[in-house]
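# Structural features, examined
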Amino acid sequence: IVHMAQEIKDKSEKDYQEVYNAIAVKLREEDEFDGYIGYGPVLTRLAWHSSGTWDKNNNTGGSFGGTYQFQKESNDPSNKGLHNGAEFLAPIHKQFPWLSHGDLYTLGGVVAIQELQGPVIPWRPGRVDLPEDMTPDNGRLPDAVYGADYVRNFFKRLDLNDQEVVALMGAHCLGRTHLQNTGFDGPWGAASNTFTNEFFLNLLNENWKLEKNEAKNMQWNSPKGYMMLPTDHALIEDDKYMAYVKLYATNNDKFFEDFAKAFKKLLEGGITFPQSTPTYRFETLDSQGL
Ligand code: DDH
């Protein structure tokens, strides 16, 4: 199957920047969510999970069809907690009903990362809502209990290589794990709503101990109260992954550059864009003086 992005002829960069701003203002206003972490991390995870169902082998799933809007996908046990992100975005969709769900979910992640001081993520519009029967089956999102071989193999289906995987995992600088969602507990670091390379610094510098949590899952804990999933810690157990962990821990600019490319690629898995599709680079509220 080919998923050809739609040419949105009657909208310009200004229209999309307006949507960006509406999401960003709401993000700034509703700052009390999740113990004052705010909605940025959950919006980032929603963008990733609505894209991470893609299978390059038959071009099913992915962000194109916006199928997270259907219960079959939003009720996937892997998506527990993401309804908070979807509910946050619902009034935005009401305000801009011309936006497809796939564009909405992916743009939400772009806004979150940029407003939390991360890199500019170049973004292209034109995803088209698909019918409910094209919703991918549950079980396409990764399980946190495994090691490096599992992670490497998982991301092949999304056409992402070692370097891209390590860069993407740096998004775990944001937010936290919630016992009631996934059976893991705690944040990855100190700055849960600022996008930095802290994830890599903590992986290398904290004193990690493998412990059983309240839900009886094994996770890595540090004396500072930070945590790592088994799949996170796997990045320092594997030589090839470790090289990139060291690179991104010492070079934040390189992390930002590689993350932006990999996140764009993740959000566009399986989509064919016509030559005429513009690439937007949105301004943050800060840079607009708002
Ligand atoms: Fe993740 N992630 N993630 N993750 N993720 C969780 C939270 C967040 C895995 C497991 C978990 C990525 C990759 C992986 C974010 C972004 C990204 C939680 C906890 C688990 C578990 C959720 C909860 O309890 O509420 C696994 C496994 C992988 C893997 O690929 C091996 C990627 C690629 C991204 C990305 O955005 C590029 C973010 C942000 C969060 C924080 C959410 C929140 O509510 O806070």
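Numbers given for residues are sequential positions, taken from 1 along each chain in its written order. Per-residue local features are limited, in this predicted model, to residues with pLDDT of at least 70; the limit for side-chain atom pairs, both in listing and counting, is 80 or more; totals at the level of whole chains, interfaces and linings are taken over all residues. Heavy atoms throughout the structure, all of them, feed into the side-chain values; hydrogens and water do not.

What follows is about the site of the ligand. Proximity is defined per residue: if any heavy atom of the residue lies within 4 Å of a molecule or strand, that residue is considered near it. Contacts to the ligand come from 24 residues, most closely from F155, H172, H178, N181 and T182. Within 3.5 Å is the distance limit for a polar contact, defined as a pair of N or O atoms, with the added protein rule that one can donate a hydrogen and the other accept it, and that residues adjacent in sequence qualify only through two side-chain atoms. One nitrogen or oxygen atom from the side chain of H172 is found 2.9 Å from a nitrogen atom belonging to the ligand. Contacts to the ligand include T182, whose side-chain N or O atom sits 2.6 Å from an oxygen atom. Secondary structure elements follow DSSP: runs of H or I no shorter than four residues count as helices, runs of E no shorter than two count as strands, and numbering proceeds from the N terminus. In terms of residue count, helix α3 (residues 40-51) provides more of the shell around the ligand than any other element does, five residues in total. A breakdown of the residues in the shell around the ligand according to their chemical character gives 13 nonpolar, eight polar and three charged. Residues are sorted three ways: Asp, Glu, Lys and Arg are charged, Ala, Val, Leu, Ile, Met, Phe, Trp, Tyr, Cys and Pro are nonpolar, and all the rest, Gly among them, are polar.

Paired strands, as defined in this entry, are two strands with at least two bridges between them according to DSSP. Sheet topology places strand β4 (residues 209-212) next to strand β5 (residues 218-221); four bridges connect them, and they run antiparallel. Along β5, the bridge assignment pairs L210 with W220. Between the antiparallel neighbours β4 and β5 lie five residues, among them K216 with a positive phi of about 70 degrees. The pairing of β5 with strand β6 (residues 227-228) spans two bridges and is classified as antiparallel. Bridge pairing in β6 places W220 opposite M228. Linking two consecutive strands that pair antiparallel, namely β5 and β6, is a turn of five residues; a positive phi of about 90 degrees is found at G225 within it.

This part covers the domain arrangement of the protein chain. Domain delimitation in this document rests on an assignment produced automatically or drawn from a domain database. Per the domain assignment, the segments making up the protein chain are domain 1 (3-140 + 263-288) and domain 2 (148-254). Computed over C-alpha atoms, the centres of domain 1 and domain 2 are 23 Å apart. Opposite the 25 residues of domain 1 that make contact, domain 2 presents 20 residues. Together, I37, L116 and K265 form the three largest contributors to the area buried by domain 1 at its contact with domain 2, with a combined 26%. Should a side-chain nitrogen of Lys or Arg be within 4 Å of a carboxyl oxygen of Asp or Glu, the pair is scored as a salt bridge. Linking domain 1 to domain 2 there are two salt bridges. With a shortest N-O distance of 4.0 Å, K56 and D159 are connected by a salt bridge. Counting every contact that joins domain 1 to domain 2 gives 11 residue pairs in polar contact (both at pLDDT 80 or more). Listing elements by their share of the side of domain 1 that touches domain 2, those giving two or more residues are α2 (33-36), α3 and α13 (252-267). The dominant element in the side of domain 1 that touches domain 2, judged by the number of residues it contributes, is α3, at five residues. Taken together, the residues of the side of domain 1 that touches domain 2 sort by class into 10 nonpolar, eight polar and seven charged. When checking whether two residues touch, look at their non-hydrogen atoms; a contact exists if any pair is within 4.5 Å. Once two parts are put together, the accessible area they lose, assessed with a 1.4 Å probe and summed over both, is termed the buried area.

Time to look at the packing of aromatic side chains. Each aromatic pair joins two rings of Phe, Tyr and Trp (for Trp, the six-membered one) with centres within 6.5 Å, and gets the label stacked for planes under 30 degrees apart, edge-to-face for over 60, and tilted for any other angle. This structure, assessed with the given rule, holds 24 aromatic pairs. The structure contains a cluster of three or more aromatic residues connected by ring pairs, namely F195, F199, F200, Y248, F255, F256, F259 and F263. Charge-over-ring placement is defined geometrically: NZ (Lys) or CZ (Arg) within 6 Å of the ring centre, and within 35 degrees of the ring normal. Over the face of the ring belonging to W98 we find K11, whose NZ or CZ atom lies 4.6 Å from the ring centre. The ring of F273 is capped by R124, whose NZ or CZ atom sits 4.0 Å from the centre of that ring.

One can find F70 in the loop between α3 and α4 (71-74). Here F70 falls in the buried class, since its relative accessible area comes to 15%. Sequence-wise, F70 and N138 are 68 residues apart; in three dimensions their C-alpha atoms are separated by 12 Å. Each residue is placed in one exposure class: buried if its accessible area under a 1.4 Å probe, protein chains only, is under 20% of its type's maximum, exposed if it is over 50%, and partly exposed if it falls in between.

So, about the sheet that holds β4. Across the sheet, three strands lie side by side as β4-β5-β6; this open sheet has antiparallel pairing. Whereas interior strands pair on both sides, the edge strands pair on one side only; in this sheet they are β4 and β6.

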